[in-house]
Amino acid sequence: MLTLPDFAEKKIVVVFSMNGEKISFKNDNILVTDSEGKTKMQFTCYRLFAVFIVGGFTLTTGIVERSKKFGFSIVMFTANFKVHSAINFVLEGNTHLRRKQYLCDAETENEIARQIIINKIENQRDMLKKLRNPAFTEGTEKLDEIINLLSAAHNISGQEIMGYEGTASKVYFTRMFFGFDWHGRRPRVKQDEINLLMDIGYTVLFNYIEAVLNIFGFDVYKGNLHKEFYKRKSLVCDIIEPFRPIIDYKIRKAINLGQTRSYDYFLDNRQFRIGWKDSSRFVLLILEEIIRHRIGIYKYVQQYYRWFMKAKSVPLFPKASIEEDDNCKL
């Protein structure tokens, strides 16, 4: 199993094939070349965590063999940043962990779900505080009230937990994107630029978290907050929840800094889209932000694994930190 010091040395390589970039290998190094054949990057496979490929790409046996040998995942995206294929490196054979996942009773599942949503609301509150806007004080106080109500509720159901989460999200989003062209969060509808950017950002974060979960050998289809549904990676949906605010904050910051002002947005079948060149720029912004939080993401998954394996009590359930590590680079 990959340890934290080893994980801290791992890197993500992003290849934009629609720009003419190509992958090749030299000894135990991965090489990325541009459309003119010039080397853009050369990196040892021993320190490779994942390869994100954006645009059409033909996989060779060489890259697949090295994925297995060096333990890195390959995720392939369309130009609009939808995942169409993935070869995930998975720690195989952790039957004890998977048995525990599937033997988890309904009461424990609800308690895990409650802790995940409390953690998410706490991180939403902390992100609003980070904005240092006195007008948002009422909002952070409301989030504290929701946290207290959710913590004190007895015999709570999954549906009730999601009700608290929905109330908190309304408080949070109306303040996080106050003053912007914002019409409310509507997943996958892409009714405006912000919803489009959020969908892209969450997709990148989702695949990064899935790769971390695979290090420990989790069955990513068995969640607690999100129940089993055909082909839904419910555990990834669970673990991403407390980390979503880092994407929201980055989008707000990027808009305020004018980093998205020149993006080529257009309507396609009543949904906002973004030109592939600009989507590439935005994905790199998001990945840089995820990398700054990668130690916190790893520690949370590691602590979740240990909590599960040792059958610890609910008060000892891990908390996801959204503190940044500025020493982490893409």
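This text follows the structure it describes.
Note that the structure is a prediction, hence the values are computed from the model and not measured.

K.L.:
Sorry, what's going on with the packing of helix 7 (residues 193-216) against helix 11 (residues 294-310) here?
P.N.:
The description of two packed helices rests on the angle between their axes and on the distance between the axes. One way to put it is that helix 7 packs onto helix 11 with a least axis distance of 10 Å and a crossing angle of 45°. Here helix 11 runs oblique to helix 7, going by the angle between their axes. The handedness of the crossing between helix 7 and helix 11 is right-handed. Contacts between helix 7 and helix 11 involve L205, Y208, I209, V212, L213 and F216 on the former and, on the latter, R294, I297, Y298, V301, Q302 and Y305. Residues belonging to the contact of helix 7 with helix 11 are distributed by class as follows: ten nonpolar, one polar and one charged.

K.L.:
How should I be thinking about the pattern of salt bridges in this particular structure?
P.N.:
It is possible for side chains of opposite charge to pair when their charged atoms get near one another. Tallied over the entire structure, the rule returns 21 salt bridges. For R185, the salt bridge goes to D199, with nearest N and O atoms at 2.8 Å. Here R185, found in the loop between helix 6 (158-176) and helix 7, pairs with D199, found in helix 7; they are 14 residues apart in sequence, far enough to count as distant. In this structure, R292 engages E289 in a salt bridge whose closest nitrogen and oxygen atoms are separated by 2.5 Å. Taken together, the residues R292 and E289, both in helix 10 (residues 276-292) and three residues apart, mark about one turn of the helix. Here the two residues R292 and E289 agree in accessibility, since each one is buried. One salt-bridge network, held together by shared partners, links K120, E165, E241 and R244.

Thresholds applied
- Residues numbered from 1 in each chain as written.
- Predicted model: local features only at pLDDT ≥ 70, side-chain atom pairs only at ≥ 80, totals over all residues.
- Heavy atoms only, no water.
- Axes fitted to C-alpha atoms, helices over the stretch in contact; angles between N-to-C directions.
- Helix = DSSP H or I, 4+ residues; strand = E, 2+ residues; numbered from the N terminus.
- Parallel < 35°, antiparallel > 145°, perpendicular 65-115°, else oblique.
- Left-handed = near helix turned anticlockwise from the far one by under 90°.
- Contact = heavy atoms within 4.5 Å.
- Nonpolar A, V, L, I, M, F, W, Y, C, P; charged D, E, K, R; others polar.
- Salt bridge = Lys/Arg side-chain N within 4 Å of Asp/Glu carboxyl O.
- Buried < 20%, exposed > 50% of the residue type's maximum accessible area, 1.4 Å probe, protein only.

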